[in-house]
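# Structural description and commentary
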Amino acid sequence: MKVFFDVDYTILGLDNSLRPGTKETFQKLLNDGHSIYIWSGMGERWEVIEEHDLKKYISGVYEKPKDNFDKKFKELKVPEVPDFVIDDYPEVVAHFGGLWVQPFFFQRNKDDAMATIYEVITEVAATKTSSNKHYKPKGTILPLF
Ligand SMILES: [Mg+2]
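Residues numbered from 1 in each chain as written. Predicted model: local features only at pLDDT ≥ 70, side-chain atom pairs only at ≥ 80, totals over all residues. Heavy atoms only, no water.

This paragraph deals with the overall build of the protein. Broken down by element type, the protein carries five helices and six strands. Beginning at the N terminus, the succession of helices and strands in the protein can be written as β-α-β-α-β-α-β-α-β-α-β. For 145 residues, the compact-globule estimate of 2.2 N^0.38 gives 15 Å, and the C-alpha radius of gyration of the protein, at 14 Å, lies within 12% of that figure. Dimensions of the protein along its principal axes, counting C-alpha atoms only, are 35 × 35 × 35 Å. Counting over 145 residues, the protein shows a buried share of 44%. (Helix = DSSP H or I, 4+ residues; strand = E, 2+ residues; numbered from the N terminus. Rg over C-alpha atoms; globule rule 2.2 N^0.38 Å. Buried < 20%, exposed > 50% of the residue type's maximum accessible area, 1.4 Å probe, protein only.)

So this is what it looks like as structure tokens:
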């Protein structure tokens, strides 16, 4: 699958640290035949890719639409359509399909979200769905409250 990771609070903390297990998870996804893309509502985050030495894992770096998803996805000319997104922002996950993750802030906090991310991606690749409550299929309508 084409797996799109958000940057801020998904793989990158407020303290600029990389979420624990990010590189190991990227490598496992590549080994399983997936492609990894990085996108952000703040634009193409090449500085993060460089600083954390992520280039060898990824197939593309794009700007992510934050609202009006269909329209802005076209306007931003994102050249690949995500099969699965990982984001701390529920609307993005509901629109494109994927997994919502608890925001990651600081290296000192215990965090094992990457293990869950790998499990759910693997499950969806095999069965087209997941029983994880934070998994949303593409085009999910979120409740208003
Ligand atoms: Mg984010």
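Among the residues of helix α1 (residues 22-31), those classed as buried are T22, T25, F26 and L29. The buried residues of α1 occupy an angular sector of 100 degrees when projected down its axis, which confines them to one face. Relative to its buried face, α1 has exposed residues pointing more than 90 degrees away, namely E24 and N31. Buried residues along α1 sit against β1 (2-5), β2 (35-40) and α5 (113-127). (Arc of directions from axis to C-beta. Contact = heavy atoms within 4.5 Å.)

Under the defined criterion, the tally for this structure stands at nine salt bridges. Of the charged contacts, one joins K72 and D67 as a salt bridge, the two residues approaching to 2.4 Å between their closest N and O atoms. Salt bridges here are not isolated pairs; linked through shared partners, they connect D6, K64 and D87. (Salt bridge = Lys/Arg side-chain N within 4 Å of Asp/Glu carboxyl O.)

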